[in-house]
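# Secondary and tertiary structure notes
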Amino acid sequence: MYKKNVLLIKSSINGDVSKSNQLSKAIVEKIKNTYQECLIDTIDLSENPPPFLTAEMYRAFSTPKSERSPAQLAAILPSENAIQQIKQADIIVVAVPLYNFGIPASLKAWLDQIARANETFSYATGKPQGLLTNKKVYLAISSGGVYSEGMMKAYDFTENYLRIILGFMGMTDVETFRLEGIFVPNMGEQAVTKALEAVETFSF
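Summarised in this report is the structure supplied together with it. Everything numeric in this text was worked out from a predicted model, so none of it was measured.

The end-to-end C-alpha separation of helix α7 (residues 188-201) is 21 Å, in line with the 20 Å expected for 14 residues at 1.5 Å each. Within the sequence span of α7, burial applies to Ala191, Val192, Ala195 and Val199. The buried side chains of α7 occupy one side of the element, clustering within an arc of 90° when seen end-on. Exposed positions of α7 whose direction lies more than 90 degrees from the buried face are Glu189, Lys194, Glu200 and Thr201.

Here it is, written out as structure tokens:
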């Protein structure tokens, strides 16, 4: 299969100067060079943040589709749109800056909109089953310090959480690229180069 639908999700507040956005851009470029045809769909959660979950949304999720009121349909429209986008994607690239040891609130809100019973996961067999299968995910994680190893690894709640929540929905084929140590003396200058070289040498 040479044609790929690629969903790029940005979550940094720093726009064009964002290191996670820079890393994800390099990943997308390699994907475009790998496949004959790519359709890129971009979501910038910092510019268009999804709504946080509300009681009204939760009740609407639990209401049978045929019984949802116009107000309920309007309330869950962001969730319906987000789920449709990710269902259409063959490849998902997520740009993730580490904020206060975790993912940005906008990205958590987006995940809350797509993690829905009977839409992206199911308990029909008596145990959790992810419904978003046969997808490749690339995480582009940036951080001021080094969190992939060493004493600060225990403080990193980005990659492990994302692998768990994405895997719960069926997306278990996950590859991580890190641009880290941006603010570490004698490391920051090489952080970008090192991360981009890792992307360049990776076989997509």
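A contiguous nonpolar surface patch, about 310 Å² in accessible area, is contributed by Phe101, Tyr155 and Phe157. Looking at the secondary structure, you find Tyr155 in the loop between β6 (136-143) and α6 (159-168).

Another point: the environment of Ala26. Along the chain, the position of Ala26 falls in helix α1 (residues 19-34). C-alpha of Ala26 to C-alpha of Leu196: the two residues are 170 residues apart in sequence and 6.9 Å apart in space. Apart from the residues lying within four places of it in its own chain, the contact partners of Ala26 are Leu196 and Val199.

This brings us to the nonpolar core. Core analysis: the largest hydrophobic core is formed by 26 residues, its most contacted members being Ile92, Leu107, Trp110, Leu111 and Leu166. Listing elements by their share of this core, those giving two or more residues are β1 (3-10), α4 (77-88), β3 (91-97), α5 (105-114), β6 and α6. Looking at this core, the element that brings in the most residues is α5, giving 4 residues. Setting aside residues up to four positions removed in sequence, Leu111 forms contacts with Ile103, Tyr161, Leu162, Ile165, Leu166 and Met169. Counting residues in hydrophobic clusters, the runner-up holds 17 residues, among them Leu8, Tyr138, Ala140 and Ala195.

All of the buried residues along helix α2 (residues 55-62) are Met57, Ala60 and Phe61. In a view along the axis of α2, the buried residues occupy a sector of 100°, so they form one face of it. Exposed residues lying more than 90 degrees from the buried face of α2 are Tyr58, Arg59 and Ser62. Close packing links the buried residues of α2 with α3 (70-75), α4 and α5.

With that out of the way, let us pick up the environment of Asn5. Secondary-structure assignment places Asn5 in strand β1. On the basis of relative accessible area, Asn5 is assigned to the partly exposed category, the value being 24%. In sequence terms Asn5 and Ile86 are 81 residues apart; their C-alpha atoms lie 9.7 Å from each other. Residue contacts for Asn5: discarding those within four places in its chain leaves Leu39, Gln88, Ala89, Asp90 and Ile91.

Sheet strands pair by backbone hydrogen bonding; their relative direction is either parallel or antiparallel. Judged by pairing direction, the sheet is parallel, and its 5 strands sit side by side in the order β2-β1-β3-β6-β7 without closing on themselves. A single partner strand is all that each edge strand has here, and the edge strands are β2 (37-44) and β7 (173-180). The average undirected angle you get between the axes of adjacent strands in this sheet is 15°. Those strands touched by α1 are β1, β2, β3, β6 and β7, and its axis lies near 160° from that of β3. With respect to the sheet, α4 is in contact with β1, β2 and β3, its orientation differing from that of β1 by roughly 135°.

Criteria and cut-off values
Note that residues are indexed from 1 along each chain, following the sequence as it is written. Selection of residues for local features in this predicted model requires a pLDDT of at least 70, selection of side-chain atom pairs for listing and counting requires 80 or more, and totals for whole chains, interfaces and linings are taken over all residues. With hydrogens and water stripped out, all remaining heavy atoms of the structure feed into the side-chain values. Put simply, DSSP H or I for four residues or longer makes a helix, DSSP E for two residues or longer makes a strand, and each gets a number counted from the N terminus. Residue count minus one, scaled by 1.5 Å, sets the expected span of a helix. Type-normalised accessible area, obtained with a 1.4 Å probe on protein chains alone, sets the label of each residue: buried when under 20%, exposed when over 50%, and partly exposed for intermediate values. Comment: arc refers to directions from the helix axis out to C-beta atoms. A patch is a set of surface residues, each over 30% in relative accessible area and not in a salt bridge, joined within 9 Å for like charges and within 5 Å for the nonpolar side chains Val, Leu, Ile, Met, Phe, Trp and Tyr. Methods summary: accessible areas were calculated by the Shrake-Rupley approach with a probe of 1.4 Å, and residue burial reflects only the protein chains presented. For salt bridges, the criterion is a side-chain nitrogen of Lys or Arg within 4 Å of an Asp or Glu carboxyl oxygen. Contact criterion: two residues are considered in contact whenever any of their non-hydrogen atoms come within 4.5 Å of each other. Only buried residues count toward a nonpolar core, which is a set of Ala, Val, Leu, Ile, Met, Phe, Trp, Tyr and Cys residues joined through side-chain atoms within 4.5 Å. Only when DSSP finds a minimum of two bridges between them are two strands counted as paired. The axes used here are C-alpha line fits, helices contributing only the stretch in contact, and every angle between their N-to-C directions lies in the interval 0 to 180 degrees.

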